[in-house]
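Summary of the model geometry
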Amino acid sequence: MLKVILSRFLQLVPVLWVLLTLTFFLTKVVPGGPFSAERQATPEVIAKLNEYYGLDKPVWEQYLAYLSKVIRFDFGPSYTYQSDSVTEVIARAFPISLQIGTLAFLIALLIGITAGTIAAVNKNKVWDYFPMSLAMVGICLPTFVMGPILALVFCLQLKVAPVSGWYGLDYVPLHPAVMPALTLGLFYAANIARLTRGGLLDVLNQDFIRTARAKGLPDHQIIFKHAMRGGLLPVVSFLGPAFAGLISGSFVVEKIFNVPGLGQEFIKSVFNRDYPLILGTVIFFGTLIVIFNLVSDVAQALLDPKSRRSP
Amino acid sequence: MPLLSVENLRTYFYTRAGVVRAVDDVSFLLEPGETLGIVGESGSGKSVTCYSILGLIPQPPGRIMGGRAIFDGVDLLGCDKERLRLIRGKRISMIFQDPMTSLNPYLRVSEQLIEPLLVHEKISRRKALDQAVTSLEEVGIQDAGRRLHFYPHEFSGGMRQRVMIAMALISRPEVLIADEPTTALDVTVQAQILELIKRRQRDLGTAVIFITHDLGVIAAFCREVYVMYAGRIVESAATGEIFARPMHPYNAALQQSIPALHQKGKPLFTIPGLPPDLSKPLPGCPFSPRCTYAEPKCREQAVTLQTMAERHQTACLRYQAGELNDLRAAVGV
Ligand SMILES: Nc1ncnc2c1ncn2[C@@H]1O[C@H](COP(=O)(O)OP(=O)(O)O)[C@@H](O)[C@H]1O
Ligand code: SF4
Ligand SMILES: [Mg+2]
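Residues numbered from 1 in each chain as written. Chains lettered and ligands numbered in written order. Predicted model: local features only at pLDDT ≥ 70, side-chain atom pairs only at ≥ 80, totals over all residues. Heavy atoms only, no water.

**Some points on the overall build of chain B**
Quick note on the threshold: Secondary structure is summarised from DSSP: a helix means a run of H or I of at least four residues, a strand means a run of E of at least two, and numbering begins at the N terminus for each. Atoms considered for the radius of gyration are the C-alpha atoms alone. The globule rule reads 2.2 Å times the number of residues to the power 0.38. Partly exposed describes any residue whose relative accessible area lies between the buried limit of under 20% and the exposed limit of over 50%, with all areas from a 1.4 Å probe on protein chains only and scaled to the type maximum. The contact criterion used throughout is that any non-hydrogen atoms of two residues lie within 4.5 Å. For the area figures, the Shrake-Rupley method with a 1.4 Å probe applies, and any residue is considered shielded solely by the protein chains shown.
Scanning chain B for helices and strands turns up 14 helices and 12 strands. The C-alpha radius of gyration of chain B comes to 21 Å, within 12% of the 20 Å expected for a compact globule of 333 residues. Considered along the principal axes of its C-alpha atoms, chain B spans approximately 65 × 50 × 40 Å. Relative to its 333 residues, chain B shows a buried fraction of 54%. Within chain B, contacts between residues at least 6 apart in sequence are counted, and of these 65% link residues at least 24 apart. When the accessible surface of chain B is totalled, it reaches about 14400 Å², and 52% of it is carbon and sulfur.

Written as structure tokens, this is what we have:
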């Protein structure tokens, strides 16, 4: 088991290298440069800036220079935030996305698994159709629709949460992370509900469930003790990538609620052609995704009794 | 007084292809401590019969259309679910055909083995586990104290069926329903498992409903036999009678196809044709398309089970009319 985890960690290196290289050359292919948007700048100033940041050198030289810095965990300065390094920008924005994402994840789990279980237990009855049609709506409704609806209800009507912003919002009862987290959480909850229902129904059809019933076990033990473990396997494999996606920040949701999270920073960096920030966030996202995929796989393997040894 | 009396049980499945009459008017009696065999080809409704009694039919698509199953004064088909649940696994237990899939792969055997005790009896975990060790020893599993904590995948098929038997008998039930418990096992293991069930039955005084598609197994085991075909009982008698005086051509054909009785050198007899599609109405005798004795009237006249001799019933119209006498000659064994 440990060996597998270790080897998967080593795989991280080539994956990230490919990701980095692709992104690096893609940014170079895109027309325009980081300073072309600044109207006031004269060609001489731009040339000076390009020279200062090494953008006048041949691409492969830039690439090698960048690579050699990245190996030392130096992601360079941000072009947009002149005084900040890429690491500092990420360190400032990521905790915000992490808070929102973690809360969204918990909301998604709680609602998704509950709804999916209720639906599976009441297969083809009202309490199956009702939560599952809601889930369908949740999946089809993009966050940029769901977000404003929630904002309308909770922020403008009930006034329990801030409409926008992050800092200095103590005058409303709810933390500014709650509304973005709810928006994201409901979307993921819908997916989890469907996976939970499907997984549970699969297991509930198995022979060993009939054995459990033949033993006279009450329904709740059949569901929670006998069916859940196998039924949640598909959910577990979904959770890793989902968590990585959630905590890396959603541009749409952060934009709606005007939260300065990593999702917004990433999109801004693309528009500003802030090459080091683009590369830095891409590597950061890549690492998160690979790590949490690995966590998912390990969790799944641990749930399989064949991976365990008996005394 | 019979311990369990099933009367006119009918269980249908409402599928897209139509109404499958899986069990159609089945009745039988089980006396305390005795062994009753139900025999018939695959698909004849044997499993559905037992699942119906224990409330294990998936509903939908299944539906119990009628009948009673009186156990100790309680109608299992009509009583409320909670009452049936308290009987299930405590007073009536069941073992299944496929030991590879009938145990939960995610739970240790110990956990699954003590469940009937924890659910039905006021007993501590500690005591239940002690009892589980004993029960494993009783089904011939060596080193039971250690292997108790194995996962099912660490046992072979035969061993798993032993675990299933231990689990079914741990609460000392009055009835054990064994649904083809040896069908999925190697031939060498089959005999051991049969011997084990027999021994445990003797020790505990449990009545057994033994289901099989192999009449040969019945011979060694059961006192009374019910032959099932297309969801109905077509013949029933004491085991000796079933073999000595078959009264239904289907029974006779089944005897011809017993692997253990077949003469070396000759090809093994198999009944030509297939059992009928249970979702279509079956006028007349359901066996008529495959029966060598079939006559036009067999396809038209309604069949009923009739008693021809002491506790010997047949649903064959021609036998009832006295037109068939020595079906045993046809068996040729
Ligand atoms: N869940 C189900 N849905 C539809 N038909 C079923 C279902 N279970 C059993 N049947 C039908 O009931 C009939 C009897 O099945 P079964 O009792 O399992 O036969 P046996 O145990 O004698 O081999 C078969 O024709 C089968 O197709
Ligand atoms: S009733 Fe007719 S078809 Fe049916 S078993 Fe008897 S002889 Fe054969
Ligand atoms: Mg069967």
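**Description of the packing of aromatic side chains**
Selection criterion: Two rings from Phe, Tyr or Trp (for Trp, the six-membered ring) form a pair when their centres are within 6.5 Å of each other. A pair whose planes differ by under 30 degrees is stacked, one over 60 is edge-to-face, and the rest are tilted.
Evaluation of the coordinates by the stated rule reveals 18 aromatic pairs over all chains. Through pairs of rings, three or more aromatic residues link up here, namely Phe 24, Phe 25, Tyr 63 and Tyr 66 of chain A.

**Focus: the interface of chain B and chain A**
This is how it is decided: Buried area, as used here, totals the accessible surface that two parts lose on assembly, with accessibility defined by a 1.4 Å probe and the loss added over both. Here, a salt bridge means any Lys or Arg side-chain nitrogen found within 4 Å of an Asp or Glu carboxyl oxygen. The term polar contact refers here to a pair of N or O atoms within 3.5 Å; inside protein, the definition further demands a hydrogen-donor-capable atom paired with an acceptor-capable atom, and it admits residues adjacent in sequence only when both atoms are side-chain atoms.
Across the boundary between the two partners, chain B contributes 31 residues, which contact 22 residues of chain A. Together, the buried faces of chain B and chain A total about 2500 Å²; carbon and sulfur atoms form 56% of this surface. By the criterion of area lost to chain A, the three top residues of chain B are Tyr 106, Glu 115 and His 153 of chain B, representing 25% of everything that side buries. At the junction of chain B with chain A, the criterion picks out 3 salt bridges. For Lys 215 of chain A, the salt bridge identified is with Glu 115 of chain B, shortest N-O distance 2.7 Å. Where chain B meets chain A, there are 14 residue pairs in polar contact (both at pLDDT 80 or more). Listed by contribution, the elements that provide at least two residues to the side of chain B that touches chain A are helix H3 (99-102), helix H4 (109-113), helix H5 (115-120) and helix H8 (157-169) of chain B.

**Considering the site of ligand 1**
Residue and element names in this part refer to chain B. Worth spelling out the cut-off: Here a residue is considered near a molecule or strand provided that any single heavy atom belonging to it is located within 4 Å of it. Nonpolar residues are Ala, Val, Leu, Ile, Met, Phe, Trp, Tyr, Cys and Pro. Charged residues are Asp, Glu, Lys and Arg, and all others, Gly as well, are polar.
By nearness alone, 13 residues border ligand 1, and Gly 43, Gly 45, Lys 46, Ser 47 and Val 48 come closest of all. At 3.0 Å from an oxygen atom of ligand 1 is found a main-chain nitrogen or oxygen belonging to Gly 45. Contacts to ligand 1 include Ser 47, whose side-chain N or O atom sits 2.7 Å from an oxygen atom. Contact with the protein chains hides 68% of the accessible area of ligand 1, taken as 560 Å² for the molecule alone. Only strand E1 (4-15) and helix H1 (46-54) provide two or more residues apiece to the shell around ligand 1. Per-element accounting of the shell around ligand 1 gives the leading share, 3 residues, to H1. Of the residues that constitute the shell around ligand 1, the class distribution is 5 nonpolar, 6 polar and 2 charged.

**Brief notes about the site of ligand 2**
Surrounding ligand 2, one finds His 248, Pro 249, Cys 285, Phe 287, Ser 288, Cys 291, Tyr 293, Ala 294, Cys 298, Cys 316, Leu 317 and Arg 318 of chain B. For the shell around ligand 2, the residue count by class is 9 nonpolar, 2 polar and 1 charged.

**Some details on the pairing of strand E7 (residues 175-179) of chain B**
Residues and elements named next belong to chain B. This is how the line gets drawn: Here, a strand pair is defined by DSSP locating no fewer than two bridges between the strands. When the strands point away from the viewer, a crossover counts as right-handed if the path from the first strand over the helix to the second runs clockwise.
Most of E7 is tucked away, with 5 of its 5 residues classed as buried. Judged by which residues are buried, E7 turns out to be covered on both faces: Val 175, Ile 177 and Asp 179 on one side and Leu 176 and Ala 178 on the other are all buried. As defined by bridge partners, strand E6 (residues 92-95) adjoins E7 across 4 bridges and the pair is classed as parallel. Bridging across to E7, Ile 95 finds its partner in Ala 178. Looking at chain direction, E7 and strand E8 (residues 207-212) are connected through 5 bridges and run parallel. Residue pairing in the sheet places Ala 178 in a bridge with Phe 210 of E8. Once the chain exits E7 it traverses helix H9 (residues 187-204) before rejoining the sheet at E8, and the crossover so formed is right-handed.

**A look at the sheet that holds strand E4 (residues 62-71) of chain B**
All names here are of chain B. In spatial order, the strands read E2-E1-E4-E5; together these 4 strands make up an open sheet with antiparallel pairing. Only two strands of the sheet have a single partner each, and these edge strands are strand E2 (18-30) and strand E5 (74-75). The pairing of E1 with E4 spans 8 bridges and is classified as antiparallel. Paired with Thr 11 across the bridge in E4 is Ile 64.

**With respect to the pairing of E2 of chain B**
All names here are of chain B. Bridge count between E1 and E2: 10 bridges; the pairing is antiparallel. Following the sheet pairing, Leu 4 is matched in E2 by Leu 30. Taken together, E1 and the strand that follows it, E2, pair antiparallel across an intervening segment of 2 residues.

**Let's talk about the packing of helix H10 (residues 233-247) of chain A against helix H13 (residues 275-303) of chain A**
Residue and element names in this part refer to chain A. Keep this limit in mind: Structural elements are reduced to axes, namely lines fitted to C-alpha atoms, with helices fitted over the stretch in contact, and the angle between N-to-C directions of any two is expressed from 0 to 180 degrees. When describing relative orientation, an angle under 35 degrees is termed roughly parallel and one over 145 degrees roughly antiparallel, while 65 to 115 degrees is termed roughly perpendicular and anything else oblique. Should the near helix be turned anticlockwise from the far one by less than a right angle, the crossing is termed left-handed; should it be turned clockwise, right-handed.
Between H10 and H13, the shortest axis-to-axis distance is 8 Å and the interhelical angle comes to 160 degrees. The angle between H10 and H13 falls in the class roughly antiparallel. Once H10 is placed against H13, the crossing between them reads as right-handed. Of the residues in H13, those in contact with Leu 233, Val 236, Ser 237, Leu 239, Gly 240, Pro 241, Phe 243, Ala 244 and Ile 247 of H10 are Leu 288, Ile 289, Phe 292, Asn 293, Ser 296, Ala 299, Gln 300 and Leu 303. Counted by class, the contact of H10 with H13 contains 12 nonpolar, 5 polar and no charged residues.

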